[in-house]
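Residues per chain, in single letters:
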Amino acid sequence: MAGLVVLTGCGQDLAASGLGGKTYLATGLSENGVPKKIAPGTTISLQFKDDGSLFANAGCNHIGGKASTRGDKLKVGDLNMTQMACDEPRQGQEEWLLALLESEPTWKTDADKLTITSGGKVLQLQDREIAQPDVALDGTKWVLDSVVAGESVSSPSNGGVHLTINGDRVTGSTSCNELQGVVARTGDQLTFGEIGTTRRACTGPAAELEKTVLATLNGEVTYTVDADKLRLRTPAQDGLDFNAAG
């Protein structure tokens, strides 16, 4: 399981800036005029909420905090971060982003572009709705990325969990057994009927993961599709995060 660590502190006021309610994806970063490569297989994202919350990700841990955009300064604080182990390229990228956000950088927008600057560091981003439109819920193979339990986030080591929704049918795999069942949708809610599975015996982590997956796909959950990510949340706010298969 990933733990949570508090990093710093500040205020909230995004509505007037035009950033509130938007998610931006990095298109480039540089330091002292030298371009830096985004770590392979990762996306740097910043999500600004109208209530002053900021959510960021540099390809590994989930980062959250409060943001204020009064004037041309972006002040970020009360940052908390999960503590999943990252390989060196992603860890270095994450540290670079954290240092930038904590330095009270300047910010400016130009149409759908956002630029954040501090000293020699420059992060260039584009509105996610332009850079990466939402994938369709139906007909997409959704592959499990992480399991959310309260404030903890974990990435299963035994992959293979996936779902595909087509109309009122859901099929997929718990990584141990194949599954199928019915699903209805109303607004941002999915209601799963009884899910049937094959009868292969599961043990250890695979059994625990299957139990978690089936517990989530039991009754009503809220869902959001954000670019190529699907999030399912139970009334208790536990859930599963999926990526669209490439």
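Residues numbered from 1 in each chain as written. Predicted model: local features only at pLDDT ≥ 70, side-chain atom pairs only at ≥ 80, totals over all residues. Heavy atoms only, no water.

Visitor: When you look at the overall build of the protein in this model, what are you seeing that I'm missing?
Guide: Along its length, the protein carries three helices and 20 strands. For a compact globule of 246 residues, the expected C-alpha radius of gyration is about 18 Å, and the protein comes in at 19 Å, within 12% of that figure. Its C-alpha atoms give the protein principal-axis dimensions of roughly 60 × 35 × 30 Å. Residues counted as buried form 44% of the 246 residues belonging to the protein. A separation threshold of at least 6 residues defines the contact pool for the protein, and within that pool the share at least 24 residues apart is 55%. (Helix = DSSP H or I, 4+ residues; strand = E, 2+ residues; numbered from the N terminus. Rg over C-alpha atoms; globule rule 2.2 N^0.38 Å. Buried < 20%, exposed > 50% of the residue type's maximum accessible area, 1.4 Å probe, protein only. Contact = heavy atoms within 4.5 Å.)

Visitor: What am I meant to see in the state of the cysteines here?
Guide: A covalent bond bridging the sulfur atoms of two cysteines is what the word disulfide describes. All chains considered together, the criterion is met by two disulfides. The side chain of C60 participates in a disulfide bridge whose partner is C86; the two sulfur atoms lie 2.1 Å from each other. With the S-S dihedral at roughly -95 degrees, the linkage between C60 and C86 falls on the left-handed side. Taken together, the residues span a long stretch of sequence, with C60 in the loop between β5 (53–57) and β6 (62–68) and C86 in the loop between β7 (75–82) and α1 (88–101) at a distance of 26 residues. Taken individually, C60 and C86 each receive the classification buried, so the pair is uniform in this respect. (Disulfide = S-S within 2.5 Å.)

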